[in-house]
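Chain by chain, the residues:
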Amino acid sequence: MLVTVLKYVEIIAHSRMFTRSLGAIDVFTDAAMRPVFIAGSRSVVFKIRHGGRAMMLKCYTSPKPNIRRIYGERCLREELFIPEGTDSGRWADVVLCDWIEGRTLRCAVAEAAGDGEALGRLAREFDRFASELLGAEWTHGDLKPDNIIVDCGGAMHAIDFDAVYRPDLADLRSDEAGTAAFQHPLRTAELYDDSMDDYPAALISSALHALAADPTLGGRYDTDEIMLFLPREVCEGRSAAFDEVAELFSARGMAASYRILMMLRSPSPRLEGLRELLEWSPDDAEACETPPALACRDGLWGYERGGRFVIPPMFDDGFEFSEGLAAVRTGRSWHFITTSGRTVMNLGECDAVKPFSNGTAVIMRGGSRVEVDKTEAANYPPPML
């Protein structure tokens, strides 16, 4: 039986006779003394005080058969009484979890609108959060900005685990398919495995890095439902936002972001190699006098040392290091990178690029031959991050 949000608000506000173990629920209220709550498509969440701290009480407006196995001890069985008549009713399961103080990622992005530096911090923290999530033994299943809380220190936390996958739940059939605006078009409830977070993680990372590089994108492509990209349009090759961001990442030498963006056109929701790109940062690269060697994997070029990639395979073309720099191509644009993978010179579109020799590199563009000196690096500025 369905239960309305207003019904739950009424019960929580006068809960003394309607709970089995919680007693009178001490609910946070707003300035008008109304219970503080957040309504979703299938549930409503109240902020309450319990055990001396803020907690989240989640009540379901429509049946959710798997919550006992999903939440374990956090699911309070038959805790809340739902009156269904003058002298009848039923007991409903609820979920009690920690309340995470902060704001949703969607709100954080809106607050940072126009501030490339603040958006860059969100992008880098999301990559850290997402790489950690992709390495966990569980999968969220409905990853989106509204299900991520940014705390006062800037760290991100996932909330709403109704669609979670764990190995011990593999025998279940999920009734969730995630949120279409952040999911691969082929995602259905039948896709219930450890790949469910791949596509939304790639989409959110791409959007955040794009907004950090060009904050004006938000005003042209963002809506209340999407972050720059509509998955179906991207996969069908008709997304203007995708095309513009691809050119932006290519021109600025943002190779990892460019490669993650390209994954959004994958024919499969499973994105191999995504976590490697989310984790990689030129700032964290190992310092070594010996430059890494050019190597290819799955048609993309990177650099390895001791049989291990230290700069992931993410370039469309590349040369060996010469005089501490290597020429690489991302999309249509060429760049020079350091041995840590940092872009230091952006060359744009070229017909050909030759490595440095005696402090000079040669590029061919439009039939003209141009010599580039290392000391002229300021004329070919690296990306503004």
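Note that the structure is predicted; figures quoted are calculated from it, not measured.

The rules we used
Along each chain, residue indices are assigned from 1 in the same order as the chain's sequence is written. Per-residue local features are limited, in this predicted model, to residues with pLDDT of at least 70; the limit for side-chain atom pairs, both in listing and counting, is 80 or more; totals at the level of whole chains, interfaces and linings are taken over all residues. Side-chain measures here rest on the full set of heavy atoms in the structure, leaving out hydrogens and waters. Each salt bridge in this description consists of a side-chain nitrogen of Lys or Arg and a carboxyl oxygen of Asp or Glu lying within 4 Å of one another. Secondary structure elements follow DSSP: runs of H or I no shorter than four residues count as helices, runs of E no shorter than two count as strands, and numbering proceeds from the N terminus. Remark: exposure states derive from per-residue accessible area (1.4 Å probe, protein chains only) relative to the maximum for the residue type, with buried under 20%, exposed over 50%, and partly exposed in between. Note on geometry: axes are lines fitted to C-alpha atoms, helical ones only across the stretch in contact, with angles between N-to-C directions running from 0 to 180 degrees. Here the angle decides the label: under 35 degrees means roughly parallel, over 145 means roughly antiparallel, 65 to 115 means roughly perpendicular, and every other value means oblique. By definition, any crossing whose near helix is turned counterclockwise from its far helix by less than a right angle is left-handed, and any crossing with a clockwise turn is right-handed. Here a residue-residue contact requires only that any non-hydrogen atoms of the pair lie within 4.5 Å. Here the nonpolar group is Ala, Val, Leu, Ile, Met, Phe, Trp, Tyr, Cys and Pro; Asp, Glu, Lys and Arg are the charged ones; every other residue, Gly included, is treated as polar. We define a nonpolar core as any set of buried Ala, Val, Leu, Ile, Met, Phe, Trp, Tyr and Cys residues linked to one another through side-chain atoms lying within 4.5 Å. At least two DSSP bridges between two strands are required for those strands to pair.

J.: Mind showing me how you'd approach the pattern of salt bridges here?
T.: Close approach of charged atoms lets side chains of opposite charge pair. In the structure shown here, the tally under the stated rule is 32 salt bridges. Where aspartate 193 meets arginine 270, a salt bridge forms, and the shortest distance between an N and an O atom there is 3.8 Å. In this pair, aspartate 193 is assigned in the loop between β9 (156-158) and α5 (198-213) and arginine 270 in the loop between α9 (255-263) and α10 (274-279), connecting sequence segments 77 residues apart. Note on arginine 270: relative accessible area 36%, which makes it partly exposed. With a shortest N-O distance of 3.5 Å, arginine 220 and aspartate 214 are connected by a salt bridge. The exposure class assigned to arginine 220 is partly exposed, which follows from its relative accessible area of 43%. Several salt bridges share partner residues, and in doing so they unite Arg42, Lys64 and Glu176 into one network.

J.: I'm lost on the packing of α5 against α9 in this one. Help?
T.: Helix-helix packing is characterised by the crossing angle of the two axes and by the distance between the axes. Packing of α5 against α9 leaves a shortest axis separation of 9 Å and a crossing angle of 135 degrees. Comparing the axis directions of α5 and α9 gives the class oblique. The crossing of α5 and α9 is left-handed. Here Tyr199, Ala202, Ser205, Ser206 and His209 of α5 lie close against α9, whose contacting residues are Ser257, Ile260, Leu261 and Met263. Partitioning the contact of α5 with α9 into residue classes produces five nonpolar, four polar and no charged.

J.: Could you clarify how one ought to interpret the nonpolar core in this entry?
T.: Considering soluble globular proteins, one finds that nonpolar side chains tend to be buried as a cluster. Of all hydrophobic cores here, the largest spans 81 residues; its most connected members are Tyr71, Leu105, Leu122, Phe126, Phe229, Leu264 and Ile311. A per-element tally of this core places α5 first, with 11 residues. Apart from residues no more than four positions distant in its own chain, phenylalanine 126 is found in contact with Leu105, Ile148, Met156, Ala201, Ile204, Ser205 and Leu208.

J.: What is the right way to read unusual backbone geometry from this model?
T.: Note: most peptide bonds trans; most residues except glycine with negative phi. For glutamate 78, which is not glycine, the phi dihedral falls at a positive 45 degrees. Checked against the element boundaries, glutamate 78 lands in strand β5 (residues 75-83). Among the residues examined, glutamate 78 registers a relative accessible area of 38% and is labelled partly exposed. Phi is positive for aspartate 160, close to 65 degrees, though the residue is something other than glycine. Topologically, aspartate 160 is positioned in the loop between β9 and α5.

J.: Help me understand the sheet that holds strand β14 (residues 326-330), please; the structure alone is not making it clear to me.
T.: Note: strands within a sheet are paired through backbone hydrogen bonds, in either parallel or antiparallel orientation. With antiparallel pairing, the four strands of this open sheet are ordered in space as β13-β14-β15-β16. This sheet does not close on itself; its edge strands, each paired only once, are β13 (317-318) and β16 (343-348). With two bridges joining them, β13 and β14 adopt antiparallel strand pairing. The residue bridging aspartate 317 from the neighbouring strand is arginine 329, located in β14. The sheet contacts of helix α8 (residues 240-252) involve β14, β15 (333-337) and β16, and relative to β15 the element is tilted by about 40 degrees.

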